[in-house]
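Residue-level structural notes
Chain by chain, the residues:
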Amino acid sequence: MSITRLGVCTLNQWAMDFSQNVQNIIESIEICKRKQCLYRLGPELEICGYMCEDHFLESDTVTHCWEAILEILPHTDNIVCDIGMPVIHKSVFYNCRMILLNKKIHLIRPKMYMADDGNYRESRYFTPWSKEIEDLDLPPIIQKATGQKCVPIGVAILQTLDTEIGIEICEEMWTPIPTSANQALDGAEIILNSSGSHYEVGKIKERTELFKDITKRNGACYAFCNLRGCDGNRLYFDGCSCIVLNGKVFAKSDAFSLKDVEVTTCDIDLQEVRNIRINIKSRSLMASKQKHFPRVKLDINLTQQQNYVYYHDIPIQYESEIEDSIACYLWDYLRRSGACGFMLPLSGGLDSSATALSVFFMANKIFKTINSVDNDHQTHIKVLQQLRKTVEDDTFTPKSPQEIVNRLFFTVYLGSENSTQDSRARSKLLAEQIGSKHYEVEIDQVCKACTSCIRPILKKNPQFIVNGGSLSEDLALQNIQARSRMVLTYLIAQLTPWNNGKKGFLIVLGSSNLDESIRGFLTKYDCSSADINPIGSLSKNDLRQLLEFCYKTFNFSAIQQILEAKPSPELRPQSAEGHVSENDMELTFNELETFAKLRKVQKLGPVSMFKKLRYLWSNITPQEVAEKVKKFFKYYALNRHKVVTITASFHAQAFSQDDNRFDFRQFLYNWRWPWQFKKIDENLE
């Protein structure tokens with residue numbers, strides 16, 4: 001048997017934190033050695049972190065990466081180390097893999113296709129490689145350490161003494177004809193992919209099916225290595241690295257884990273690759289015509305004579321991926337920011353309750369990690385130490401998730417004369433059940449003080465509609481309540497640690513959802529304005545499902561009350577308030593989610609959306625479809641300015657409305673859409 005053992009290293013790397021990142025890389029190499037791996041594969045741009053963005057354009061970033069290579073080289077005896085970093089060659093930036101062995105650099109492999117859609121903008125920083133193999137002059141510090149003046153840079157197949165290896169970098173596997181397909185046809189038996197693939201709902205399954213399809217068609221061992229954690233932005237990298245052989249997943253790392261370093265290994269019999277290739281005759285014909293890739297020779301045997309452990313196909317499925325991803329994201333955000341906890345204005349409604357439960361998910365994840373018998377001892381100790389540092393208590397050992405929440409999370413009910421006892425009670429009950437320290441503060445004095453300040457310049461006192469006022473007066477009186485809550489929340493957040501004799505600061509959490517954002521059904525600079533929003537890219541339907549899952553899992557009675565409650569912002573006198581139904585928005589939550597997907601994912605404008613929906617919504621007339629499409633785009637254009645200032649949100653859906661990093665559009669529109677709406681009318685006729 002030709003048995004090889006790969007070490008696929010899932011790392012939680014921090015953008016621009018070279019000390020932490022190099023420490024993780026060296027730790028992963030040493031773990032690979034202990035597990036008798038002869039090839040160590042790491043994630044994309046692991047030395048500097050993937051989300052450096054415009055820091056990539058600074059030459060210092062590349063210089064520090066070379067300095068890091070100097071630290072890593074002494075650890076590369078008798079093991080091939082595949083390390084990701086940016087490289088400058090002939091004054092051009094490239095996204096590269098460094099192939100190290102026995103304290104020398106054997107190949108620099110640049111990326112051929114850039115990721116430029118959605119959250120990715122790699123072409124802003126890097127240039128795709130489109131040339132043959134060239135020589136790259138090494139920096140003087142590397143020349144001195146390795147005795148090499150230059151090394152090859154380009155796309156090549158690694159040729160060891162017993163097998164051949166193809167290298168693929170992230171986006172290359174998503175192209176219509178993956179680089180790995182051509183490399184496999186030219187003889188590469190092992191394909192290694194280093195990635196920075198962020199989390200979205202359903203993406204793990206989609207990605208894994210792609211690996212299975214590639215290896216089933218071509219016959220190959222495919223090792224996929226991903227980043228893990230929040231790399232300093234709105235994205236969470238889910239980890240979930242895996243090793244696939246001939247269409248079956250033989251090994252995978254944990255998804256949504258708190259481990260900073262995890263090495264996934266698997267014994268692969270390369271003879272199985274050879275056997276399946278011989279028996280696919282169409283593949284043999286294509287291989288005979290495949291263009292030859294240059295070879296870079298490595299003086300090492302990757303196969304060993306050893307007992308073979310047979311692996312069964314592992315199913316890839318996650319029932320709680322939204323909860324787990326938010327939990328891991330919040331923990332990374334908390335420990336990296338240096339904050340001592342979170343603050344949330346908790347209204348007792350569905351949205352703020354979902355945000356509160358996100359913190360409970362985080363605490364539950366921490367508690368399970370600390371107490372799980374499956375976790376390695378080092379992870380257990382590291383997470384517990386980080387928790388103790390955050391709560392400023394070296395002896396803290398939690399006995400429940402609620403104890404963790406109680407140390408880290410503060411909620412406040414900001415009531416007014418328009419608030420109901422029901423919402424106040426729901427807020428208090430949920431806080432008790434998840435364990436947060438809960439306050440109640442009345443905002444009436446603040447609102448009255450604001451209106452008193454401007455009274456000298458007004459001709460009369462503003463009134464609610466129910467008291468004879470106009471719509472403008474009514475909205476102004478509602479908005480001052482909403483905005484005062486944001487101001488008071490930040491005031492409380494700043495003073496709470498001081499009041500409790502603690503150092504540090506609290507992160508203020510927001511709670512506006514995706515549907516509110518795209519419709520603009522929120523007050524600008526209200527409690528949707530915060531430091532980070534865990535639920536901002538989730539729809540109302542997503543949040544309802546989230547709470548239902550949480551109720552089944554944890555049986556919090558407050559959740560059932562929240563799900564049954566009629567939504568209301570409670571900003572008007574109770575005699576006039578009623579509840580805010582979907583009729584108030586003039587569109588249902590299901591319709592808003594459909595509009596969001598068609599607008600962002602399928603890139604449909606008003607006319608194309610009408611044409612699509614008149615068939616999808618066959619239960620209503622074309623005239624009604626046209627009216628709904630016009631309403632959506634009208635409100636979208638009128639309220640687009642709100643999304644420009646909305647709080648950064650954890651990214652979870654492909655139709656997120658995040659204006660600053662994901663959904664680039666203008667914020668000043670002719671909201672009447674005269675040309676487009678005229679074309680819709682012509683289609684109706």
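Residues numbered from 1 in each chain as written. Predicted model: local features only at pLDDT ≥ 70, side-chain atom pairs only at ≥ 80, totals over all residues. Heavy atoms only, no water.

- Going by the annotation in an unreviewed UniProt entry, the name recorded for the protein is Glutamine-dependent NAD(+) synthetase, with Paramecium primaurelia given as the source organism.

**Considerations on the sheet that holds strand β14 (residues 242-245)**
- Here 7 strands make up an open sheet; going across it, the order is β15-β14-β11-β10-β9-β8-β17 and the pairing mixed. Two strands close off the open sheet at either side, each with one partner strand: β15 (248-252) and β17 (295-297). Across the sheet, the mean angle separating the axes of adjacent strands is 25 degrees when strand polarity is ignored.
- Two elements, strand β8 (residues 157-159) and β17, share 3 bridges in a ladder whose sense is parallel. Note that in β17 the partner of Gln159 across the bridge is Lys297. (Pairing = 2+ DSSP bridges. Helix = DSSP H or I, 4+ residues; strand = E, 2+ residues; numbered from the N terminus. Axes fitted to C-alpha atoms, helices over the stretch in contact; angles between N-to-C directions.)

**Points about the UniProt feature "domain: CN hydrolase" (unreviewed entry) in the protein**
- In the numbering adopted here, UniProt assigns the feature "domain: CN hydrolase" (unreviewed entry) to residues 4-270.
- Annotated as 23% helix and 33% strand, the span residues 4-270 places its first and last C-alpha atoms 7 Å apart. (UniProt positions renumbered as here; feature names shortened; annotations may be inferred.)

**Here we look at the pattern of salt bridges**
- For the coordinates displayed, the defined rule picks out 41 salt bridges.
- The shortest N-O distance in the salt bridge between Asp238 and Arg207 comes to 2.7 Å. Of the two residues, Asp238 sits in strand β13 (residues 236-238) while Arg207 sits in helix α5 (residues 203-218), which places them 31 residues apart along the sequence.
- Residue Arg207 is classed as buried on the basis of its relative accessible area, which comes to 0%.
- Residue Glu591 is joined to Lys628 by a salt bridge in which the shortest nitrogen-to-oxygen separation is 2.9 Å. With Glu591 in helix α20 (residues 589-600) and Lys628 in helix α22 (residues 622-638), the pair connects residues that are 37 residues apart, well separated along the chain.
- A relative accessible area of 12% places Glu591 in the buried class. (Salt bridge = Lys/Arg side-chain N within 4 Å of Asp/Glu carboxyl O. Buried < 20%, exposed > 50% of the residue type's maximum accessible area, 1.4 Å probe, protein only.)

**Quick look at the packing of α20 against α22**
- Running from amino to carboxyl end, α20 crosses α22 at an angle of 75 degrees, the nearest separation of the two axes being 11 Å. Relative to α22, the element α20 lies roughly perpendicular. Residues Glu591, Leu592, Phe595 and Arg599 of α20 pack against Lys628, Val629, Phe632 and Tyr636 of α22.
- Here the contact of α20 with α22 is composed, by residue class, of 5 nonpolar, no polar and 3 charged. (Parallel < 35°, antiparallel > 145°, perpendicular 65-115°, else oblique. Contact = heavy atoms within 4.5 Å. Nonpolar A, V, L, I, M, F, W, Y, C, P; charged D, E, K, R; others polar.)

**Looking at unusual backbone geometry**
- The residue Met16 is not glycine, and still its phi comes out positive at about 70 degrees.
- One non-glycine residue, Lys103, lies in positive phi territory at about 65 degrees.
- Along the chain, the position of Lys103 falls in the loop between β4 (92-101) and β5 (104-110).

**What about the side chain of Lys111?**
- Structurally, the position occupied by Lys111 is in the loop between β5 and β6 (134-137).
- Engagement of the side chain of Lys111 in a polar contact is seen with the side chain of Glu44, the distance being 2.8 Å.
- A polar side-chain atom of Lys111 sits 2.8 Å from a polar atom in the side chain of Glu122.
- Filtering out sequence-adjacent residues up to four positions away, Lys111 remains in contact with Glu44, Asn95, Glu122, Thr127, Pro128, Trp129, Ile169, Cys170, Glu171 and Glu172. (Polar contact = N/O pair within 3.5 Å; in protein donor to acceptor, adjacent residues only side chain to side chain.)

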